[in-house]
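# Analysis of the macromolecular model
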Amino acid sequence: DGGITQSPKYLFRKEGQNVTLSCEQNLNHDAMYWYRQDPGQGLRLIYYSQIVNDFQKGDIAEGYSVSREKKESFPLTVTSAQKNPTAFYLCASTGTRVNEQFFGPGTRLTVL
Amino acid sequence: AQSVTQLGSHVSVSEGALVLLRCNYSSSVPPYLFWYVQYPNQGLQLLLKYTTGATLVKGINGFEAEFKKSETSFHLTKPSAHMSDAAEYFCAVSDSSGGYNKLIFGAGTRLAVHP
């Protein structure tokens with residue numbers, strides 16, 4: 001089955017540590033996205049990538065970094081510079097002109 | 001720039017009652033519009049989309065939405081609510097400004113269904 005996988009489902013981090021969230025898709029989509037979701041705030045765009053080796057900052061990129069070395073993969077690193085990283089993180093991809101996005105199951109990150 | 005406003009962060013209905021979730025958008029070009037549903041601790045699932053053509057769009061689980069250009073609205077409806085419809089719903093508009101495709105999401109509406 002084609003789809004998007006995110007791992008791990010739950011992640012715990014100590015303050016001051018970097019952590020990397022995985023996102024993989026086998027839909028052959030060119031564009032991939034990372035969102036952060038906090039209660040009552042909807043989805044906020046962190047980074048997005050339209051093609052391999054290219055990515056753009058979204059609305060809340062500070063404290064995050066990404067890479068896009070392969071079409072299938074778009075990992076997100078939450079760095080120690082991110083002041084409030086506890087949130088639900090969603091990865092998405094699209095291969096259509098109308099930008100219908102397909103979402104992964106999400107990773108819940110908790111900073112201890 | 002495009003934007004989306006969802007009126008009502010929480011909506012509560014009785015089982016069997018009409019569901020109406022409101023969405024208004026602003027867009028400088030003909031929009032592509034979407035409704036997504038999210039169940040607790042899960043990703044978003046596409047309910048329906050409007051691209052071109054017929055303004056009344058039917059989606060999964062008995063939901064439909066009507067694109068009204070004059071009102072810049074894309075409200076989501078379902079004639080009869082079911083307990084399983086309890087979830088959070090997001091309206092979104094496609095944004096291609098700057099040469100990059102993005103979705104702009106509303107803040108979401110949490111739907112509660114009570115017996």
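See the structure printed just above.
What comes next is a walk through the structure. Being a predicted model, the structure only gives us computed values, none of them experimental.

Of the residues lining the interface, 23 residues belong to chain A; the matching set on chain B comes to 21 residues. Between chain A and chain B lies a buried interface of about 1,900 Å² when both sides are counted; carbon and sulfur atoms form 52% of it. Ranking the residues of chain A by area buried against chain B places Val98, Asn99 and Glu100 of chain A at the top, with a combined share of 26%. At the boundary of chain A and chain B, one finds one salt bridge. Measuring nitrogen to oxygen at the nearest pair gives 2.4 Å for the salt bridge that ties Lys49 of chain B to Glu100 of chain A. Summed over the shared surface of chain A and chain B, the result is eight residue pairs in polar contact (both at pLDDT 80 or more). Elements with a minimum of two residues in the side of chain A that touches chain B: strand S4 (31-37), strand S5 (43-49) and strand S9 (87-94) of chain A. Looking at side-chain class alone, the side of chain A that touches chain B contains 10 nonpolar, eight polar and five charged residues.

Let us now look at the pattern of salt bridges. Residues and elements named next belong to chain A. With the rule as written, the count across this model stands at seven salt bridges over all chains. A salt bridge links Asp30 to Lys71; the shortest N-O distance between them is 3.4 Å. Here the residue Asp30 occupies a position in the loop between strand S3 (19-25) and S4, and Lys71 occupies one in the loop between strand S7 (64-66) and strand S8 (76-78), the gap between them amounting to 41 residues. The exposure class of Lys71 is partly exposed, given its relative accessible area of 24%.

Scanning all chains against the criterion turns up two disulfides over all chains. One disulfide in the model links Cys23 of chain A with Cys91 of chain A; its S-S distance is 1.9 Å. Disulfide Cys23 of chain A-Cys91 of chain A: the torsion about the S-S bond is -75°, which places it as left-handed. One end of the pair, Cys23 of chain A, is in strand S3; the other, Cys91 of chain A, is in strand S9, and 68 residues separate them in sequence. Like Cys23 of chain A, the residue Cys91 of chain A is buried in the burial classification. A sulfur-sulfur distance of 2.0 Å marks the disulfide that ties Cys23 of chain B to Cys91 of chain B.

Here we take up the environment of Arg68 of chain A. Residue and element names in this part refer to chain A. Its location among the elements puts Arg68 in the loop between S7 and S8. Given the relative accessible area of 2%, Arg68 is considered buried. In this structure, the C-alpha to C-alpha distance between Arg68 and Val52, residues 16 residues apart in sequence, is 5.4 Å. Polar side-chain contacts of Arg68 include one of 2.9 Å to the backbone oxygen of Asp30. A polar contact is formed between the side chain of Arg68 and the side chain of Ser49, at a distance of 2.8 Å.

This brings us to the sheet that holds strand S1 (residues 4-7) of chain A. Within a sheet, adjacent strands bond to each other through the backbone by hydrogen bonds, running parallel or antiparallel. All names here are of chain A. Strands sit in the order S1-S3-S8-S7 across an open sheet of four strands; the sheet is antiparallel. For this open sheet the edge positions go to S1 and S7, each flanked by a neighbour on one side alone. Neighbour to neighbour, the strand axes of the sheet diverge by 20° on average, direction disregarded. Bridge analysis of S1 against S3 gives four bridges, and the strand direction is antiparallel. Along S3, the bridge assignment pairs Gln6 with Cys23.

Residues and elements named next belong to chain B. Judged by pairing direction, the sheet is antiparallel, and its five strands sit side by side in the order S1-S3-S8-S7-S6 without closing on themselves. Here the strands that pair on one side only, and so sit at the sheet edges, are strand S1 (3-7) and strand S6 (56-58). The sheet shows a mean angle of 20° between the axes of neighbouring strands, taken without regard to direction. Both strand S7 (residues 64-68) and strand S8 (residues 73-78) contribute to a ladder of five bridges, which runs antiparallel.

Definitions and limits used
Residues numbered from 1 in each chain as written. Chains lettered and ligands numbered in written order. Predicted model: local features only at pLDDT ≥ 70, side-chain atom pairs only at ≥ 80, totals over all residues. Heavy atoms only, no water. Contact = heavy atoms within 4.5 Å. Buried area = accessible area lost by both parts, 1.4 Å probe. Salt bridge = Lys/Arg side-chain N within 4 Å of Asp/Glu carboxyl O. Polar contact = N/O pair within 3.5 Å; in protein donor to acceptor, adjacent residues only side chain to side chain. Helix = DSSP H or I, 4+ residues; strand = E, 2+ residues; numbered from the N terminus. Nonpolar A, V, L, I, M, F, W, Y, C, P; charged D, E, K, R; others polar. Buried < 20%, exposed > 50% of the residue type's maximum accessible area, 1.4 Å probe, protein only. Disulfide = S-S within 2.5 Å. Pairing = 2+ DSSP bridges. Axes fitted to C-alpha atoms, helices over the stretch in contact; angles between N-to-C directions.

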